[in-house]
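Here is how the chains run, residue by residue.
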Amino acid sequence: MTDLRTLDNLEEDYFRRHPQEVDAYLSEIFDEYARDGNSASLLASLRVIAKVKGISALAIETGMSRQGLQKALSSRGNPRLDNINAIIRALGYRLTPVRI
């Protein structure tokens, strides 16, 4: 039987092997979100990076439960800004405005 992998799995593997690429990836996904407003795509991409970092470790750092973090980053998630900020900070970044 063929072992099929999802795009998320491929991305996770890639960023585990190339952690130096996370900075550029995060910049790109937020640029895309600024252009198209597709929050589901943004959350899916953040979910990939969260899995690379480790959902349990990230949950502890954000003060969220593991289930709460997974729900916030799910395709149906609608996280509050403070949750997104906590996730971004736990990943080692900050939200900053950029003039358009």
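Scoring rules and cut-offs
- Residues numbered from 1 in each chain as written.
- Predicted model: local features only at pLDDT ≥ 70, side-chain atom pairs only at ≥ 80, totals over all residues.
- Heavy atoms only, no water.
- Helix = DSSP H or I, 4+ residues; strand = E, 2+ residues; numbered from the N terminus.
- Rg over C-alpha atoms; globule rule 2.2 N^0.38 Å.
- Buried < 20%, exposed > 50% of the residue type's maximum accessible area, 1.4 Å probe, protein only.
- Contact = heavy atoms within 4.5 Å.
- Lys, Arg positive; Asp, Glu negative; His and termini not counted.
- Charge placed at Lys NZ, Arg CZ, Asp CG, Glu CD.
- Core = buried A, V, L, I, M, F, W, Y, C linked by side-chain atoms within 4.5 Å.
- 1 Å grid on protein atoms, 1.4 Å probe; cavity = no way out; pocket = protein on both sides within 12 Å on 5 of 7 lines; lining within 4 Å.
- Points joined across faces, edges and corners; volume = space filled by probe spheres on them.

> I'd love a proper account of the overall build of the protein, names of residues and values included.
Along its length, the protein carries 6 helices and 0 strands. Listing each helix as α and each strand as β along the protein from the N terminus yields α-α-α-α-α-α. A compact globule built from 100 residues would reach a C-alpha radius of gyration of about 13 Å, and the protein, at 14 Å, matches this within 12%. Each principal axis of the C-alpha distribution contributes one length, and for the protein these read about 50 × 30 × 25 Å. Put simply, the protein has 100 residues, and 30% of those count as buried. Sequence-distant contacts in the protein: of pairs separated by 6 or more residues, those separated by 24 or more amount to 51%. Measuring between centres, the 14 positive side-chain charges of the protein sit 7 Å from its 13 negative side-chain charges.

> Got a sec to walk through the nonpolar core? Specific residues and values, please.
Among the nonpolar cores identified, the biggest contains 23 residues, and Leu 46, Ile 49, Leu 58, Leu 69, Leu 73 and Ile 87 are the most heavily contacted of them. Among the elements of the structure, α2 (22-36), α3 (39-53), α4 (55-62), α5 (66-72) and α6 (81-90) are those that each provide at least two residues to this core. The dominant element in this core, judged by the number of residues it contributes, is α3, at 6 residues.

> Talk me through empty space enclosed by the protein; I want residue IDs and the actual numbers.
Scanning all chains against the criterion turns up 1 cavity of 30 Å³ or more. Quantified by volume, the largest cavity comes out at close to 30 Å³. If you trace the largest cavity, you find it lined by Ile 29, Glu 32, Tyr 33, Asp 36, Asn 38, Ser 41, Leu 42 and Ser 45. Broken down by secondary-structure element, the contributors of at least two residues to the lining of the largest cavity are α2 and α3. Residue contributions to the lining of the largest cavity peak at 4 residues, all from α2.

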